[in-house]
Amino acid sequence: MNKGRVYLVGAGPGDPKLISVRGLEAIQKADVIVYDRLANPRLLKHRRPDAELIFVGKLPDKHILKQEEINHLLVDLALQGKVVTRLKGGDPSVFGRVGEEAELLAEHDVTYDIIPGITSSIAVPAYAGIPVTHRNFTSSFAIITGHEYPNKTYSGLDWEHLAKAIGTMVFLMGVANIEQISRELIRCGKPPETPVALVRWGTWADQATITGTLSDITEKVRAAEFKSPAVIIVGEVVKLREKLAWVEKKPLFGRRILVTRARSQASELVDLIDDLGGEAVEFPVIKLQPPSRPEAQQALDEALDELHTYDWILLTSVNGVEFFFNRLRERRIDVRRMGNARIAAVGPRTAEALAERGIIADVLPSKYQGEGMLEAIQADLIAGQKVLLPTADLARDYLPAKMRELGLQVTEVDVYENVLTADDGDEIIHLLQNHSIHIITFTSSSTVTNLIEALKQLGIEEPLSLLQGVEIACIGPKTAETVRQYGLPITYMAEEATVASLVQSMIQPK
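Calculation criteria
- Residues numbered from 1 in each chain as written.
- Predicted model: local features only at pLDDT ≥ 70, side-chain atom pairs only at ≥ 80, totals over all residues.
- Heavy atoms only, no water.
- Helix = DSSP H or I, 4+ residues; strand = E, 2+ residues; numbered from the N terminus.
- Phe/Tyr/Trp six-rings, centres within 6.5 Å; stacked < 30°, edge-to-face > 60°.
- Buried < 20%, exposed > 50% of the residue type's maximum accessible area, 1.4 Å probe, protein only.
- Pairing = 2+ DSSP bridges.
- Axes fitted to C-alpha atoms, helices over the stretch in contact; angles between N-to-C directions.
- Contact = heavy atoms within 4.5 Å.
- Polar contact = N/O pair within 3.5 Å; in protein donor to acceptor, adjacent residues only side chain to side chain.
- Salt bridge = Lys/Arg side-chain N within 4 Å of Asp/Glu carboxyl O.
- pLDDT = per-residue confidence, 0-100.
- Parallel < 35°, antiparallel > 145°, perpendicular 65-115°, else oblique.
- Left-handed = near helix turned anticlockwise from the far one by under 90°.
- Nonpolar A, V, L, I, M, F, W, Y, C, P; charged D, E, K, R; others polar.
- Patch = residues over 30% accessible without salt bridge, like charges linked within 9 Å, V, L, I, M, F, W, Y side chains within 5 Å.
- Areas by Shrake-Rupley, 256 points an atom, 1.4 Å probe, with all protein chains shown as cover.
- Expected span 1.5 Å × (residues − 1).

For the chain, an unreviewed UniProt entry supplies the name uroporphyrinogen-III C-methyltransferase and the organism Paenibacillus anseongense.

Draft legend 1. Structural view of unusual backbone geometry. Note that the residue after Ser228, namely Pro229, is joined by a cis bond; omega there is 0°. Examined against the element boundaries, Pro229 turns out to sit in the loop between helix H7 (217-224) and strand S12 (230-234). Of note in this structure, Phe95 is not a glycine but carries a positive phi near 55°. One can find Phe95 in the loop between strand S6 (83-88) and helix H3 (98-107).

Draft legend 2. The packing of aromatic side chains, seen in detail. As enumerated under the stated definition, the model contains six aromatic pairs in all. Judged by centre distance (5.0 Å) and plane angle (65°), the ring pair of Tyr127 and Trp246 falls under edge-to-face. Note that Tyr127 is positioned in helix H4 (residues 120-127) and Trp246 in the loop between helix H8 (241-244) and strand S13 (256-259), a separation of 119 residues in sequence. With 5.1 Å between their ring centres and 70° between their planes, Trp201 and Trp204 make a pair best called edge-to-face. With relative accessibility at 15%, the residue Trp201 sits in the buried group. Taking the relative accessible area as the measure of exposure, Trp204 reaches 11% and is therefore buried.

Draft legend 3. Molecular detail of the sheet that holds strand S8 (residues 141-145). Taken together, the five strands give an open sheet; going across it, the order is S8-S9-S12-S10-S11, and neighbouring strands pair in mixed fashion. The open sheet has two free edges, formed respectively by S8 and strand S11 (208-213), since each of these has just one partner strand. Geometrically, the sheet is characterised by an average inter-axis angle of 20° between neighbouring strands, direction not taken into account. Relative to the sheet, H7 contacts strand S10 (195-200) and S11, its axis offset from that of S11 by approximately 150°.

Draft legend 4. Geometry of the side chain of Asp414. By the element assignment, Asp414 lies in strand S19 (residues 409-420). A polar side-chain atom of Asp414 sits 3.0 Å from a polar atom in the side chain of Arg293.

Draft legend 5. Representation of the environment of Arg42. Its location among the elements puts Arg42 in the loop between strand S2 (32-35) and strand S3 (52-55). For the pair Arg42 and Glu427, spaced 385 residues apart in the sequence, the C-alpha separation amounts to 9.7 Å. If we ignore the near neighbours within four places in the chain, the residues touching Arg42 are Pro16, Val270, Asp274, Glu279 and Ala280. Polar contacts involving the side chain of Arg42 include one to the main-chain carbonyl oxygen of Ala280, which spans 2.8 Å.

Draft legend 6. The arrangement of the pattern of salt bridges in detail. The full count for this structure, using the stated rule, is 31 salt bridges. A salt bridge links Glu236 to Lys239, with the nearest nitrogen and oxygen atoms 2.7 Å apart. When its relative accessible area of 52% is taken as the criterion, Lys239 is described as exposed. For Arg293, the salt bridge goes to Glu295, with nearest N and O atoms at 3.1 Å. Three or more residues are tied together by salt bridges with common partners; here these are Asp301, Asp305, Arg327, Glu330 and Arg331.

Draft legend 7. Examining the confidence of the model for the chain more closely. Mean pLDDT for the chain: 90, with 95% of residues reaching 70 or above. Contacts for the low-pLDDT stretch residues 149-154, under 50 throughout, to residues beyond four places or in other chains number eight contacts.

Draft legend 8. Here's a closer look at the packing of helix H2 (residues 67-79) against H3. Contact geometry for H2 and H3: axes closest at 9 Å, N-to-C directions at 40°. By the angle between their directions, the pair H2 and H3 is classed as oblique. For the pair H2 and H3, the crossing hand works out as right-handed. Across the interface between the two elements, Gln67, Ile70, Asn71, His72, Leu74 and Val75 from H2 touch Glu100, Glu101, Leu104 and Leu105 from H3. Its residues assigned to classes, the contact of H2 with H3 comprises five nonpolar, three polar and two charged.

Draft legend 9. Representation of a nonpolar patch on the surface within the structure. Together, Phe95, Ile122, Phe141, Ile143 and Met173 give the surface a local cluster of nonpolar side chains, amounting to about 390 Å² of exposed area. On the basis of relative accessible area, Ile143 is assigned to the partly exposed category, the value being 31%.

Draft legend 10. The arrangement of the sheet that holds strand S20 (residues 439-442) in detail. Pairing in this open sheet of five strands is parallel, and the strands run S14-S13-S20-S21-S22 from one edge to the other. With one partner strand each, in any of the chains shown, strand S14 (279-282) and strand S22 (492-493) form the two edges of the open sheet. Relative to S14, S13 runs parallel, the two being bridged by four bridges. Paired with Leu258 across the two strands is Val281, which belongs to S14.

Draft legend 11. Representation of helix H11 (residues 318-330) within the structure. Its 13 residues give H11 an end-to-end C-alpha distance of 18 Å, which sits within 8% of 18 Å, the value for a rise of 1.5 Å per residue. Those residues of H11 that fall on the buried side of the exposure criterion are Asn319, Gly320, Val321, Phe323, Phe324, Phe325 and Leu328.

Given below as structure tokens:
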């Protein structure tokens, strides 16, 4: 059997968008991903569906696997002919023990790549508004381990040199030893009033910072019960934080927001949340797919075969446009078969999706709950006209019922269906149980019902109790009605049926 290949990848400091392009490619091509607790789980969503996941996370007081066991695991997997991605928080070469892993791979003649990551020693201070160098303060910095190899003591570090020759000192993994670090630096000549900052979970939604001086930082750390993982910054550059703390000024800073809509729809909402300083966590409880029921497939194809006979085609969503035209393409049906049919599109995004396919909507209602669409086209309707309404399998029946009352011949067809999914649910349950989700977003009634059902499928007997205390943000009165039926209070309500309005509602004063 051919030997595999190992990618030793730095995942960056936490924010999943800080991984390198090569690092992301290594995740996407891996047969097996071996990852630790400081690699953001959102990165794993880029894996192949059949990729194996092996967690080897390390806590300050507990290791699932010892480093030596991880080294041999990588070799064993590679010798089985697998492509292995070892995903490590930060940069693997900065106290990431990548040298030990690479050494054993080299001894077994296993091909490997080291893919650098953005080290937390630079990124975390930057996210706290502390550049590690600044020409008015210092032109040098040092990255120092906060705890050395177990058989060593702090005498292994040249404290006098560090205290006198280095401008900014960045200590990694040193929270438990902050008293010793401060004491040694003062003993070796560093002024007690030297500024110090500790940044916990930097670049994550949980990012928290405390500041002080060498003389009082230990007391402040104890009073705040400040725990690892945290980066310690010692030096005059810490003074810049008050002016440069940019992330914390973003309106959604510190908020972890659950996005429940289908992954194919979620990108805009996720990007808006990220841009405003929140951390979006995707849990797509809906998967969109072509209709699976034979009778629905047959009805759709029969309607498409008669496409040239319709006077109106009403498209109510971007998804409807996508699946409608996908089926046209699969059936090799020319769009010119629409003939002189008038096209109505719900919302600017739906109209834009049509325009991308070379079709300009004749009617664009300003609002849609069925009533809005009917109001927009009613003056142009003539009894006996044929109307095609390609929608989702869960679409409301208000519009077709009203049109039939007006004497129209309405054909409803399912161009796609909403399917319940609960992929990667264990992470979500963990976050909810630890009260680490601050807001849940609902963009349709099906996202509400599917989240409840997904939690049940994952073994949660009382899913509503798990959602208590979490703020709810939703789009549209129908979605809000479903939320209230479950007894959940609504904290944020979008004024318009768009994700931009939904996000805007979350940053407005309550």
